[in-house]
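Survey of secondary and tertiary structure
If you want the building blocks of each chain, they are given just below.
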Amino acid sequence: MTEKMLTVRNRAGIHARPAALIAQTANKFTSEILLEKDSITVNAKSIMGVITMAAGYNTVITLKADGSDEKQAAAAIFQLFENKFEEE
């Protein structure tokens with residue numbers, strides 16, 4: 001299992017567009033990819049799941065990827081967060 005700490009860096013937080021980007025990216029991989037915030041755990045492949053986390057600016061989220069391509073999956077999603085979902 002690969003685990004990474006992600007920080008929401010875009011001012012608007014995770015709304016519909018970033019959630020869709022996360023889900024689209026996660027769905028390119030076969031690994032199970034989970035996002036955790038506080039006591040909430042969601043499937044990163046689900047747009048609605050990602051939106052329900054209600055992650056605002058500077059929120060820290062734990063990414064857990066498990067499977068044959070977990071390292072690539074974690075790196076791809078980490079990059080989305082680092083690039084502020086290409087919003088700024």
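In this numbering scheme, every chain counts its residues from 1 along its sequence in written order. This being a predicted model, a pLDDT of at least 70 is required before a residue's local features are given, and a value of 80 or more before pairs of side-chain atoms are given or counted; all residues contribute to the totals for chains, interfaces and linings. Only heavy atoms go into the side-chain values, all of them from the structure, while hydrogens and water stay out.

Describing the nonpolar core
Condition: Here, the term nonpolar core denotes a set of buried Ala, Val, Leu, Ile, Met, Phe, Trp, Tyr and Cys residues that are joined through side-chain atoms within 4.5 Å. Note on classification: 1.4 Å probe, protein chains only; a residue is buried when its accessible area is under 20% of the maximum for its type, exposed when over 50%, partly exposed between these limits. By definition, any uninterrupted DSSP run of H or I lasting at least four residues is a helix, any uninterrupted run of E lasting at least two residues is a strand, and each is numbered from the N terminus. The contact rule is simple, with two residues in contact once any of their heavy atoms fall within 4.5 Å.
If you look at the biggest cluster of nonpolar residues, it comprises 24 residues, and the most contacted ones within it are Ile14, Ile22, Ile33, Leu35, Ile61 and Phe81. Breaking this core down by element, the ones donating at least two residues are helix H1 (16-26), strand E2 (32-37), strand E4 (60-66) and helix H3 (70-82). Here this core takes 5 residues from H3, the largest share from any one element. When neighbours within four sequence positions are excluded, Ile33 is seen to be in contact with Ala26, Val42, Asn43, Ala44, Lys45, Leu63, Lys64, Ala65, Ala73 and Ile77.

A look at the pairing of E2
Formally: For two strands to be treated as a pair, DSSP must find no fewer than two bridges joining them.
Judged by which residues are buried, E2 turns out to be one-sided: Ile33, Leu35 and Lys37 face inward and are buried, whereas Glu32, Leu34 and Glu36, on the alternate face, are not. The sheet contact formed by E2 and E4 spans 5 bridges and is antiparallel. Each residue of the ladder has a partner; that of Glu32, found in E4, is Asp66. The loop that links E2 with its antiparallel partner strand E3 (residues 40-43) comprises 2 residues; one of these, Asp38, has a positive phi angle of about 55 degrees.

So, the sheet that holds E3
The pairing of strands in a sheet comes from backbone hydrogen bonds and takes either a parallel or an antiparallel form. Where we set the bar: Interaxial angles span 0 to 180 degrees and are taken between N-to-C directions of axes, which are lines fitted to C-alpha atoms, for helices over the stretch in contact.
The 4 strands are arranged E1-E4-E2-E3 in an open sheet whose pairing can be described as antiparallel. The open sheet has two edge strands with one neighbour each: strand E1 (2-7) and E3. For this sheet, the mean angle separating the axes of adjacent strands, direction not counted, is 25 degrees. By the bridge criterion, 6 bridges tie E1 to E4 in an arrangement that is antiparallel. By the bridge assignment for E4, Glu3 is matched with Lys64.

A few points about the packing of H1 against H3
Definition in use: Here the word oblique covers every angle except those under 35 degrees (roughly parallel), over 145 (roughly antiparallel) and from 65 to 115 (roughly perpendicular). Each crossing gets its hand from how the near helix is turned against the far one by less than a right angle, where anticlockwise is left-handed and clockwise is right-handed. By the convention adopted, Pro, Cys, Tyr, Trp, Phe, Met, Ile, Leu, Val and Ala count as nonpolar, Lys, Arg, Asp and Glu as charged, and the other residues, Gly among them, as polar.
Here H1 crosses H3 at 160 degrees, and the two axes come no closer than 9 Å. In terms of their interaxial angle, H1 and H3 are classed as roughly antiparallel. Of the two elements, H1 crosses H3, and the hand of that crossing is right-handed. When H1 is examined against H3, the residues Leu21, Ile22, Thr25 and Ala26 are found in contact with a partner set consisting of Ala76, Ile77, Leu80 and Phe81. Tallied by class, the residues present in the contact of H1 with H3 amount to 7 nonpolar, 1 polar and no charged.

Read these as layout, nothing more, since geometry by itself doesn't imply function.
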